[in-house]
Amino acid sequence: MPSTVRAYSITTESVAAERERTGGKTTDVDVSKVITMDDLELPDVGPTDVRMRILAFSVEHNLDHAATADTINIAEARGGRMYPGNSAVGEVVEVGDSVTKFKAGDVVITHCNGEPDEFGFPLRIWAYDQPDSIGWYAEEAVVGEWQLIHAPLECGLNLWEIAALPLRAPTAYHMWRRALGIYRVKVPRENQAVLNVLSFGGGVGELFLQLAKAEGHNAYFCAGSKERRDALEQFGIVGIDQKKFNRFASRDDVNGFRKEVRELTGGVNMHIVCDMLRGPVFPAGLAVAARQGVNVSAGWQLSQVVEYNSTLMSAKQVTIDHTHYETPEGCAAATELYGKVFRPTVHSEIYAFEDAGRAFHEMHENTQTGIPIVRVAKDMPDSVKGLI
């Protein structure tokens, strides 16, 4: 029998109301007024489905795009109402007759690959542009068995750190293996074993650098948050204060950043840059690219369109690679690195489910000191009580 649970939703009406209130200025949008608590009727559990209660979830940046409609009005494209959320930790409560990998009581994590192509890469993302997909910012969810991975409860991370990773870790893993692979096509390891690797802010960027550092490379983290820079310094990752360069608002700011990077790297610059196509960060990343460098990005963040000097990048043999998300197999591989490589920085406050709207808005305002986590379940299973 179908059941009704509480879940967060975005409607075209709520998007339009905030757009009218702010005069279309997306920076002034109160995201908590756009993403609001709603009722969701769950479908019956089919033969290959799993029903789970959500224990915790992380707040993702694609939520901000959906709420502000800054690049596309995805709620409108989805028919006027969508239920977001594509990163969660849950406890299995029921499985379909054909499910073999999971049983009631298992703790699982999700991945957001909505529809794999013939090679496993996503055509669309679950709970964003995948038609009819229902997200996991809810008390419970019904998902396909193929969308779940056993949570690595023995990895050494706490529950909130595990909850921070289901979307971010596979993204970082995918970007790193592509960027390094592309660079090695041009410069083999025997010619240059140790690389300079740069990332700009954000949870994915942190994990990207943790992968680079784990493989012996020099890693640099450019972010405005001192808390996040300090957190990564314990892993030997060098922090660069992005605010020192006014977040690259002018050409002089970019030139100042270029000068500091040259000093940090002995004039070599960065062999690999992870930039996420984040507004003015894109030209800043290209400005510090070394010869044969690779600039790798995922998503669009503040823009869907970028410009660059193709003649200069060609002469420098710089490759610009734009990724999307991992295959299901890649997601499972990334999960094996929880605790061993991936140790995320989590925001100091764990939000209650009822306060998730505030978490959404504080991410929009960029005031959090780490990845924001929302606790959904008040009563946790015994298997995770020691991880809280």
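Preceding block: the structure.
First, a word on what this report is: a plain description of the structure on this page. (Residues numbered from 1 in each chain as written. Predicted model: local features only at pLDDT ≥ 70, side-chain atom pairs only at ≥ 80, totals over all residues. Heavy atoms only, no water.)

**Remarks on helix α1 (residues 12-22)**
Three- or four-residue spacings in an α-helix give side chains the same orientation, since the helix completes a turn every 3.6 residues.
Consideration 1: Regarding α1, the residues found buried are Thr12, Ser14, Val15, Glu18 and Thr22. Seen from one end, α1 has its buried residues packed into an arc of 165 degrees, which puts them on one side. For α1, the exposed residues set more than 90 degrees away from the buried face come down to Glu13 and Glu20.
Consideration 2: Looking at the buried side of α1, the elements it contacts are β1 (3-11), α2 (61-68) and α3 (74-77). (Buried < 20%, exposed > 50% of the residue type's maximum accessible area, 1.4 Å probe, protein only. Helix = DSSP H or I, 4+ residues; strand = E, 2+ residues; numbered from the N terminus. Arc of directions from axis to C-beta. Contact = heavy atoms within 4.5 Å.)

**A few points about the pattern of salt bridges**
Consideration 1: A complete count under the given rule lists 21 salt bridges for this structure.
Consideration 2: We note a salt bridge from Glu326 to Arg177, for which the minimum N-O separation is 2.5 Å. Remark: Arg177 occurs in helix α5 (residues 168-186) and Glu326 occurs in the loop between β14 (319-323) and α11 (328-335); sequence separation between them is 149 residues.
Consideration 3: Across the pair Asp321 and Arg178 runs a salt bridge whose closest N-O atoms are separated by 2.7 Å. (Salt bridge = Lys/Arg side-chain N within 4 Å of Asp/Glu carboxyl O.)

**Points about the pairing of strand β16 (residues 371-375)**
Consideration 1: Of all five residues making up β16, four are buried, and the element is well covered by its neighbours.
Consideration 2: Inspection of the sheet shows strand β3 (residues 49-58) paired to β16 by three bridges, in the antiparallel sense. Bridge pairing links Ser58 to Ile373 in β16.
Consideration 3: As paired strands, strand β15 (residues 346-352) and β16 are joined by four bridges and run parallel to one another. Bridge pairing in β16 links Tyr351 to Val374. (Pairing = 2+ DSSP bridges.)

**A word on unusual backbone geometry**
Consideration 1: Phi at Asn246 is positive, roughly 50 degrees, even though this residue is not glycine.
Consideration 2: Within the secondary structure layout, Asn246 lies in the loop between β11 (238-241) and α8 (251-264).
Consideration 3: If you check the backbone angles, Gln292 has positive phi at about 65 degrees while not being a glycine.
Consideration 4: Tracing the sequence through the fold places Gln292 in strand β13 (residues 289-298).

**Some points on the sheet that holds β1**
Consideration 1: Ordered by their spatial adjacency, three strands build an open sheet running β2-β1-β4, and the pairing between neighbours is antiparallel. Only two strands of the sheet have a single partner each, and these edge strands are β2 (35-42) and β4 (81-82).
Consideration 2: Where β1 meets β4, two bridges bridge the pair, whose relative direction is antiparallel. Its bridge partner being in β4, Thr11 is matched across the sheet by Arg81.

The values reported here are purely geometric and, on their own, carry no functional implication.
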